Amino acid sequence: MDRRQKKTRESIFKAFVALLSEKHYNQITVGEIIEKADIGRATFYAHFATKDFLLKDLCGELFCHIFDVTDATGEKHKHIFDCVAPSHAILHLLQHLQRNDNNILELLACENNELFLRYFKENLKQLVQKKPQLFGDKKKRELPDDYWINHISSTFVETVRWWVDNGMKESPETLSDYFMTVI
């Protein structure tokens with residue numbers, strides 16, 4: 001992707017995120033995103049087939065950021081998510097959620113959150129597949145990999161849902177400890 005395409009993509013993300021701070025995901029139209037990003041309809045569709053694909057890529061950006069930080073070789077990465085990352089990916093994700101970076105909590109709170117949670121879970125599965133060492137020696141040999149990966153991903157999604165539904169009273173560090181204890 002060249003610089004112009006990256007800039008346009010970032011503009012679309014910023015517009016989408018700004019709209020998420022004003023209304024629920026299911027109330028946002030592609031027309032509103034286009035207007036706020038100050039781009040043409042064809043430009044939007046050159047980057048995203050639908051609003052749902054924009055949502056999928058927003059979730060993908062979060063996990064790409066997490067992967068890059070986990071793989072850090074000292075180079076600064078560029079994503080719409082930016083931070084000083086902790087050493088553990090689960091804690092890192094929870095910190096972004098707590099800060100509500102890019103209005104991501106609005107996606108969890110909206111009526112159509114199942115779509116976001118599905119994308120979130122898909123990306124979590126990739127994290128667990130690519131970084132099983134993050135979970136230490138928790139996997140028993142007799143468990144099939146796909147079962148274990150699905151279990152961790154599903155448990156984390158439900159942990160986040162529980163945390164949000166209960167007012168996020170626990171710190172990301174405490175919740176990360178809870179999660180790592182139960183897996």
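(A) Summary view of the packing of helix α1 (residues 3–22) against helix α2 (residues 30–37). Here α1 crosses α2 at 120 degrees, and the two axes come no closer than 8 Å. For α1 against α2, the interelement crossing comes out right-handed. Taken together, the residues of α2 that come into contact with α1 (itself represented by S11, I12, A15, F16, A18, L19 and E22) are E32, I33, K36 and A37. Grouping the constituent residues of the contact of α1 with α2 by class yields seven nonpolar, one polar and three charged.

(B) Representation of the pattern of salt bridges in the model. A complete count under the given rule lists five salt bridges for this structure. A salt bridge links R9 to D57, with the nearest nitrogen and oxygen atoms 3.2 Å apart. Here R9 is found in helix α1, whereas its partner D57 is found in helix α4 (residues 51–70), with 48 residues between them in sequence. Across the salt bridge formed by E158 and R161, the nearest N and O atoms sit 3.9 Å from each other. Within this pair, E158 and its partner R161 are both found in helix α8 (residues 145–165), separated by three residues, close to a single helical turn. Taking the relative accessible area as the measure of exposure, R161 reaches 25% and is therefore partly exposed.

(C) Structural view of the packing of aromatic side chains. Applying the stated criterion across every chain yields a total of seven aromatic pairs. When the ring of F13 is compared with that of F48, the centres are 5.8 Å apart and the planes differ by 65 degrees; the resulting orientation is edge-to-face. Placement of the pair is F13 in helix α1 and F48 in the loop between α3 (41–47) and α4, with a sequence separation of 35 residues. Under the relative-accessibility criterion, F48 is labelled buried at 1%. Between the aromatic rings of F120 and F156, the centroid separation amounts to 6.2 Å while the plane-to-plane angle is 20 degrees, which identifies the pairing as stacked. Placement of F120 in helix α7 (residues 113–130) and of F156 in helix α8 is noted, with a sequence separation of 36 residues between them. Side by side, F120 and F156 carry an identical accessibility label, which is buried.

(D) Here's a closer look at α1. For α1, with 20 residues, the first-to-last C-alpha span of 29 Å sits near the 28 Å given by 1.5 Å per residue. Capping the start of α1, D2 holds a side-chain oxygen 3.1 Å from the backbone nitrogen of R4, two or three residues further along.

(E) Expanded view of the packing of α8 against helix α9 (residues 172–182). Between α8 and α9, whose axes approach to 11 Å, the crossing angle comes to 145 degrees. When you trace α8 past α9, the crossing you get is right-handed. Counting all contacts with α8, which are made through I152, T155, F156, T159, W162 and W163, the residues of α9 involved are P172, L175, F179 and V182. Considering only residue class, the contact of α8 with α9 consists of eight nonpolar, two polar and no charged.

(F) Just the nonpolar core, in detail. Counting residues in each nonpolar core, the largest one holds 52 residues, and the members touching the most others are F120 and F135. With eight residues, the single largest contributor to this core is α7. Residues within four places of F135 in sequence aside, it is in contact with I90, V128, W148, I152, F179, M180 and I183.

(G) Representation of helix α5 (residues 89–99) within the structure. Counted residue by residue, α5 has nine buried out of 11 residues, so it is predominantly covered. If you check which residues of α5 are buried, you get A89, I90, L91, H92, L93, L94, Q95, H96 and L97.

Cut-offs and rules
Sequence order as written defines the numbering, with residues in each chain counted from 1. Reporting of local features is limited, given that this is a predicted model, to residues whose pLDDT is at least 70; pairs of side-chain atoms are given and counted only at 80 or more, and all residues count toward the totals for whole chains, interfaces and linings. Calculated side-chain values reflect all of the structure's heavy atoms, with hydrogen atoms and water omitted. Between N-to-C directions, angles cover 0 to 180 degrees, with each direction set by a line fitted to C-alpha atoms, over the stretch in contact for helices. We count a stretch as a helix when DSSP gives it H or I for four or more residues in a row; a strand needs E for two or more, and each element gets its number in order from the N terminus. What makes a crossing left-handed is the near helix being turned counterclockwise from the far one by less than a right angle; a clockwise turn instead makes it right-handed. It only takes one pair of heavy atoms within 4.5 Å for two residues to be counted as in contact. Nonpolar residues are Ala, Val, Leu, Ile, Met, Phe, Trp, Tyr, Cys and Pro. Charged residues are Asp, Glu, Lys and Arg, and all others, Gly as well, are polar. Definition used for salt bridges: Asp or Glu carboxyl oxygen within 4 Å of a side-chain nitrogen of Lys or Arg. Note on exposure labels: buried denotes an accessible area under 20% of the residue type's maximum, exposed denotes more than 50%, and partly exposed covers the range between, all computed with a 1.4 Å probe on protein chains only. For Phe, Tyr and Trp, where Trp contributes only its six-membered ring, two rings pair if their centres lie within 6.5 Å, and the inter-plane angle classes them as stacked under 30 degrees, edge-to-face over 60, or tilted in between. To estimate the expected span of a helix, count its residues, drop one, and scale the result by 1.5 Å. Two N or O atoms form a polar contact when they lie within 3.5 Å of each other; inside protein one atom must be a possible hydrogen donor and the other a possible acceptor, and for residues adjacent in sequence the pair counts only when both atoms belong to side chains. As used here, the term nonpolar core means buried Ala, Val, Leu, Ile, Met, Phe, Trp, Tyr and Cys residues forming a set that is joined through side-chain atoms within 4.5 Å.

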